[in-house]
Amino acid sequence: MIPVLRLLAAVGVLIAASSNSAFAQAAADADLLARGEYLLKISGCTHCHTAEGGEPLAGGRPLETPFGIFYAPNITAHPTAGIGAWSAEDFRRALHQGVAPDGSDYYPAFPYTSYTLIRADDAFAMHAYLMSLPASGQPNREHELAWFLVSRLAATAWKWLFFDAGEIQQKPAQNEQWNRGAYVADALGHCGECHTPRNLLGAMQVDLAYAGNAEGPEGELVPNITPHQDTGIGDWSREGLEEFLQFGELPNGDYTAGSMEAVIEGIRHLTPQDRDALIDYLRALPS
C-alpha cells in the first residue's frame, strides 16, 4: 500500500510541477508581448507602416525624400504580403544590419542606421508582438526613385560608405539614467533620424547630432533639440518638456503639428522612468 501512495504522491508532484511550468511560461509569453507592444509604440512603427485610412501596419505610407518616394512595407504577420514567414532572427537582422531575409540591402529610408542600436532581446520582443497581431494581405508598393537608385546595389554602396552596425553599448563614464535616455533617444525613438542634418548623400552628420534639419520628412524644417539657449530647447523647463512629450504642447501654449504630431502619439506611451531618462539625456547633449 505504501509504494502505491508514494507513486500517487510522485505523480501529484509531477502534475503540480508541470502546471507551475506552464503558468510560468504563459506569464513569460505575456511579458514578452507586453514588452514588444511598448517598444513598437515608442519606436514609431505603427505610424510609418500604416497608410492614411489603411489597415494597421499593412504598409503603403509614402515618405517623400530628395531621392524619390519610398513606400513603407507591410509588416503584419501575413506569410507572403507581410513578414509572417520571417524568423525572429530575420527580424533582428533587418533592424541591426539593414538586410532582408533574401540577403538584399535596405535603403536607409528604413532607419536601421538607428535601429542597429536596439538590443537583440528587444528586437525579439517586437517580432513576437507583431506575429501576434492580425495579418493583412495588402501588397507592398514599389518605391518611386531616381534612376540611379533603382538597383539595390546603390543601397549596398551607401551602407559601405556610411553604415556601421552594432548594438548600443553602455558608456561607463555616464550614469545609468543617461545611458537609458541614450537608448530611448538614439535607438528606440531614433530621434536623430529627423533632428540631425544630412549630407548630400543622405547620411546623418553625426557631428551635428540633434542640431535640427532644414530638410526633414516631407520637406519640413525639423528643429534643434539640443540644450542651446537660443536655437535649441535650453530655455524649456523640465515641466515643459514633460508636457510636450506627453501631449505635444509647446511652451507658448500651441501644439506641435506635421510629422511630430504622429511621433507624439507614440512617445506619449513612454513610462515615467523612460520619459525622465530621455529628458535628462536631451538636456545633457552638446549644444
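Note that this is a predicted model, so its numbers are computed, not measured.

Draft legend 1. Spotlight on the packing of aromatic side chains. Tallied over the entire structure, the rule returns nine aromatic pairs. Between phenylalanine 110 and tyrosine 112 the ring centres are 5.9 Å apart and the planes differ by 65 degrees, which places this aromatic pair in the edge-to-face class. Residue classification places tyrosine 112 among the buried residues on the basis of a relative accessible area of 0%. Judged by centre distance (5.6 Å) and plane angle (90 degrees), the ring pair of tryptophan 147 and phenylalanine 148 falls under edge-to-face. Taking the relative accessible area as the measure of exposure, phenylalanine 148 reaches 48% and is therefore partly exposed. Taken together through their ring pairs, the aromatic side chains of Tyr106, Phe110, Tyr112, Tyr115 and Phe163 make up a single cluster.

Draft legend 2. Focus on the environment of serine 132. Within the secondary structure, serine 132 sits in the loop between helix H5 (120-131) and strand E3 (144-145). Since its relative accessible area comes to 41%, serine 132 is described here as partly exposed. Along the primary structure serine 132 and alanine 77 are separated by 55 residues, whereas in three dimensions their C-alpha atoms are 7.6 Å apart.

Draft legend 3. Focus on the pattern of salt bridges. Scanning the entire structure with this criterion turns up eleven salt bridges. A salt bridge links glutamate 265 to arginine 268; the shortest N-O distance between them is 3.4 Å. Accessibility expressed as a relative area gives 46% for glutamate 265, which makes it partly exposed. Each of Arg238, Glu242, Asp276 and Asp280 takes part in one network of salt bridges that share partners.

Draft legend 4. Focus on the sheet that holds strand E2 (residues 68-71). The three strands are arranged E1-E2-E3 in an open sheet whose pairing can be described as antiparallel. Edge positions in the open sheet fall to strand E1 (62-65) and E3, since each of these has one partner strand only. Looking at chain direction, E1 and E2 are connected through four bridges and run antiparallel. Its bridge partner lying in E2, glutamate 64 is registered against isoleucine 69.

Criteria and cut-off values
- Residues numbered from 1 in each chain as written.
- Predicted model: local features only at pLDDT ≥ 70, side-chain atom pairs only at ≥ 80, totals over all residues.
- Heavy atoms only, no water.
- Phe/Tyr/Trp six-rings, centres within 6.5 Å; stacked < 30°, edge-to-face > 60°.
- Buried < 20%, exposed > 50% of the residue type's maximum accessible area, 1.4 Å probe, protein only.
- Helix = DSSP H or I, 4+ residues; strand = E, 2+ residues; numbered from the N terminus.
- Salt bridge = Lys/Arg side-chain N within 4 Å of Asp/Glu carboxyl O.
- Pairing = 2+ DSSP bridges.

Function-wise, these values are silent; they only describe arrangement.
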